[in-house]
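Structural overview
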Amino acid sequence: MTKTVLRGRILSFEREPQSPEDVEAFSYIEDGALVIADGLIEAVGTFDEINTSECNVVDHRPNLLMAGFVDTHLHFPQVQVIASWGAQLLDWLNNYTFPEETRFVDKAHADGIAKVFFDQLIAHGTTSAVAYCSVHTESAEAYFEEAARRDMRMIGGKVMMDRNAPDGLRDTPQSGYDDSKAMLEKWHGRGRALYAITPRFAITSTQEQLEMAGALAGEFPECHIQTHLSENHDEIALTKELFPEARDYIDVYQQVGLLTDKSLLGHSIHLEPREIDAMVDTGAHPVFCPTSNLFLGSGLFDYEGLRARGLVSGVATDIGGGTSYSMLTTLAEGYKVLALRGQKLHPFRAFDWITRGNAETLGLADKIGTLEPGTEADVVVLDARATEAMAIRMDRVETLAEELFLLQVMGDDRAIAETYVAGKAMKQAV
Ligand SMILES: [Zn+2]
């Protein structure tokens, strides 16, 4: 089989950069070669030292090759509610999102949206993501089928929700458990797919349903668990009303076994000290969704506060509360959220975060998120001169850190010259 060699400037993070000067945290090759065979990275080095005879060489110079981006929280059935006007979380769910998600009982509709959804991920350089499907098994089927067709490492799950939602959008504790288990047994570990147990959030589940979700998590401890936590003050107040026995919001999940090092807790903004302790004790992961938090006026994530406690956070788009599929735009808005908190998101940490960092959050850093030999060949090609405004700014850029910050602040899908999934060029082929 012919091997593929990607030639270009190669950047890969090895650990979390501690400062804008921490150049030991990554490897950078000015004229590099990335050798791909059977969907895996076989070797990385300078172009001169790699034997490229009988290889298919693709020259991406002067562009930058990095690991494909990883999005740790978004909603597959919300493609058509992005940019819905004038609401905070609970009204936004009831007025826009829930009616939209009822459509996904129709497999043909779910299939059509899945194609668009995955096209958008690839166009924006995202090669792995963790998504909520709708309550219907049809939506999870459509999601996993389309991911398999493209050989993408995707995590997802059918939402479990049995109250405080309209007709057509509720399961029951038993059917939610049975359907999730059937999907999990069908898809988890099949090809590159992984299943996430997905109780939507406390408000839309009864105690009985959460207990059954916790039981499922206990049966399949290798699966991720995804849900939402402390996004909005009205949401927190309603949760406390619905679960008067719980010590706090996170206790609703903790008491039923839904808080582990596989737990991805979307938003995690308005946290009480005991809730942070509970995350530290269990190794659960907060997930920062800046465009969504700004759009819905939810609040400002305390990046440094949680990091100081040793928590490993993810960063994510949260489509469709979030307003962009782009992890670059997500980093730009993340920078601004942190600025409002008097904190800094420097470019080395930012690009580490959407690659190796998010992979580490998912426990998958041995498979995705870096360009280490032996890992899966998901690669993004970045062009910092993609627009005229970026190109003119690039004329004044002198360092890699400055180039990355330009991509972080001004970049979007136009800056993604190509996206490789398991070694195959996917963007220009779309
Ligand atoms: Zn969400």
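I will try to describe carefully the structure that is included in this document. (Residues numbered from 1 in each chain as written. Predicted model: local features only at pLDDT ≥ 70, side-chain atom pairs only at ≥ 80, totals over all residues. Heavy atoms only, no water.)

1. Side note on the overall build of the protein chain
To keep it simple, the criterion reads: Secondary structure is summarised from DSSP: a helix means a run of H or I of at least four residues, a strand means a run of E of at least two, and numbering begins at the N terminus for each. The size measure is the radius of gyration over C-alpha atoms, and the globule rule it meets is 2.2 Å times the number of residues to the 0.38 power. Think of it in three bands: with a 1.4 Å probe and only protein chains considered, a residue is buried below 20% of the maximum accessible area for its type, exposed above 50%, and partly exposed in between. Any two residues whose heavy atoms approach within 4.5 Å at even a single point are treated as in contact. Areas reported as accessible are Shrake-Rupley estimates using a 1.4 Å probe. Residue values count occlusion only from the protein chains shown.
Helix and strand content of the protein chain: 14 helices and 16 strands. The C-alpha atoms of the protein chain give 21 Å as radius of gyration, which agrees with the globular expectation for 430 residues (22 Å, within 12%). Counting every position in the protein chain, which comprises 430 residues, the buried fraction comes to 61%. When contacts within the protein chain are restricted to residue pairs at least 6 apart in sequence, those whose partners lie at least 24 apart make up 75%. As displayed, the protein chain offers around 15,800 Å² of accessible surface, 49% of which is attributable to carbon and sulfur atoms.

2. Quick look at the packing of aromatic side chains
We count it as follows: Whether two aromatic rings pair depends on their centres lying within 6.5 Å, for rings of Phe, Tyr and Trp, where Trp uses its six-membered ring; planes under 30 degrees apart make the pair stacked, over 60 edge-to-face, and the rest tilted. Two conditions define a charge sitting above a ring: the NZ of Lys or the CZ of Arg must be within 6 Å of the ring centre, and it must be within 35 degrees of the ring normal.
By the definition in use, this model includes 16 aromatic pairs. Note on F13 and F26: the rings are 5.5 Å apart at their centroids and 65° apart in plane angle, and the pair reads as edge-to-face. Of this pair, F13 sits in strand β1 (residues 3-13) while F26 sits in strand β2 (residues 26-37), and the two are 13 residues apart along the sequence. The buried category is assigned to F26, whose relative accessible area is 11%. Relative to F117, the ring of F76 has its centre 5.4 Å away and its plane inclined at 70°; by these criteria the two rings are edge-to-face. Of the two residues, F76 is situated in the loop between β5 (69-75) and α1 (89-101) and F117 in helix α2 (residues 107-123); the sequence distance between them amounts to 41 residues. Each member of the pair, F76 as well as F117, carries the same accessibility label: buried. Aromatic ring contacts, followed pair by pair, group F76, F104, F117, F118, Y143, F144, W187 and Y195 into a single cluster. The ring of W187 carries the charged tip of R190 above its face, separated from the ring centre by 4.5 Å.

3. Examining the sheet that holds strand β4 (residues 55-67)
Formally: The pairing criterion for strands is at least two bridges between them, as found by DSSP. Orientation is described by lines fitted to C-alpha atoms, with helices fitted over the stretch in contact, and by angles between N-to-C directions that extend from 0 to 180 degrees.
Taken together, the seven strands give an open sheet; going across it, the order is β3-β2-β1-β4-β14-β15-β16, and neighbouring strands pair in mixed fashion. Every interior strand has two partners, whereas the edge strands, β3 (40-46) and β16 (424-425), have only one. Strand direction decides the pairing type here: β4 and strand β14 (residues 379-382), joined by four bridges, are antiparallel. The residue of β14 that forms the bridge with L64 is L382. Strands in contact with helix α14 (residues 400-410) are β1, β2, β4 and β14; relative to β1, the strand with the most contacts, it is inclined by about 100°.

4. Some words on the pairing of strand β9 (residues 194-199)
Keep this limit in mind: We call a crossover right-handed when, viewed with both strands directed away from the observer, the connection leading from the first strand over the helix to the second proceeds clockwise.
By the criterion of burial, β9 is predominantly enclosed, with six of the six residues buried. Here β9 shows no split at all, with L194, A196 and T198 on one side and Y195, I197 and P199 on the other all buried. Two elements, strand β7 (residues 153-157) and β9, share two bridges in a ladder whose sense is parallel. Residue pairing across strands places G156 opposite Y195, the latter belonging to β9. Pairing geometry for strand β8 (residues 159-160) and β9, over two bridges, is parallel. Directly across from V159, in β9, lies its bridge partner T198. For the crossover that starts at β9, traverses helix α5 (residues 207-219) and ends in the parallel strand β10 (residues 224-229), the hand is right-handed.

5. Remarks on the coordination of the zinc ion
As a reminder, the rule being used: Each metal site lists N, O and S donors within 2.8 Å (3.2 Å for Na, K and Ca). With water left out of the atoms, a site can look as if it is missing ligands. For a four-donor site, all angles between 85 and 135 degrees give tetrahedral; for four or six donors, opposite pairs above 155 degrees with the remaining angles between 65 and 115 give square planar or octahedral; all remaining cases count as irregular.
Within the protein, H73 (NE2), H75 (NE2), H228 (NE2) and D318 (OD) serve as the donor atoms for the zinc ion, at 2.1 to 2.4 Å. For the zinc ion, the four donor atoms in the first shell make angles of 87 to 169° at the metal, so the coordination geometry reads as irregular. All donor residues of the zinc ion come from one chain, and their arrangement in sequence is H-x1-H-x152-H-x89-D. With H73 in strand β5 and D318 in the loop between β13 (314-315) and α11 (327-340), the pair connects residues that are 245 residues apart, well separated along the chain. Per residue, the accessibility class of H73 equals that of D318, and both read buried.

6. Remarks on the pattern of salt bridges
Stated precisely, the cut-off is as follows: One speaks of a salt bridge when a side-chain nitrogen belonging to Lys or Arg is within 4 Å of a carboxyl oxygen belonging to Asp or Glu.
One pass over the structure, following the stated rule, counts 35 salt bridges. Put simply, R150 and D119 hold a salt bridge, and the shortest N to O gap is 2.8 Å. Residue R150 is located in the loop between α3 (137-149) and β7, and its partner D119 is located in helix α2; the two are separated by 31 residues in the primary sequence. Relative accessible area serves as the criterion here: at 13%, R150 is assigned to the buried category. Note that E146 is salt-bridged to R150, the shortest N-O span being 3.0 Å. Beyond isolated ion pairs, a larger network of salt bridges with shared partners links E16, E304, R307, R349, D352, R356 and E360.

7. Re empty space enclosed by the protein
Cut-off, in case you're wondering: Method remark: on a 1 Å grid restricted to protein atoms, a set of points is classed as a cavity if a 1.4 Å probe fits but cannot get out and as a pocket if it is open with protein on both sides within 12 Å along at least five of seven lines; lining residues have an atom within 4 Å of a point. Grid points are joined across faces, edges and corners, and a volume is the space filled by probe spheres set on the points. Residue polarity follows a fixed list, in which Ala, Val, Leu, Ile, Met, Phe, Trp, Tyr, Cys and Pro are nonpolar, Asp, Glu, Lys and Arg are charged, and the others, Gly among them, are polar.
In this structure the tally under the stated criterion is one cavity of 30 Å³ or more. For the largest cavity, the calculated volume is near 120 Å³. L89, W92, L93, H228 and E231 are the residues nearest the centre of the largest cavity, which is lined by 14 residues in total. Here the element with the most residues in the lining of the largest cavity is α1; it accounts for three residues. Of the residues belonging to the lining of the largest cavity, the class tally is five nonpolar, six polar and three charged.

8. A look at the packing of α11 against α14
So the rule is basically this: For classification, angles of less than 35 degrees are called roughly parallel, those exceeding 145 degrees roughly antiparallel, those between 65 and 115 degrees roughly perpendicular, and all remaining angles oblique.
Between α11 and α14, the least distance of the axes is 6 Å, while the angle of their chain directions is 95°. Of the possible angle classes, the one that applies to α11 and α14 is roughly perpendicular. Mapping the contact onto sequence places L328, L331, A332 and Y335 in α11 and F405, L407, Q408 and V409 in α14. Its residues placed into classes, the contact of α11 with α14 shows seven nonpolar, one polar and no charged.

All quantities given are derived from atomic positions and should not be read as evidence of function.
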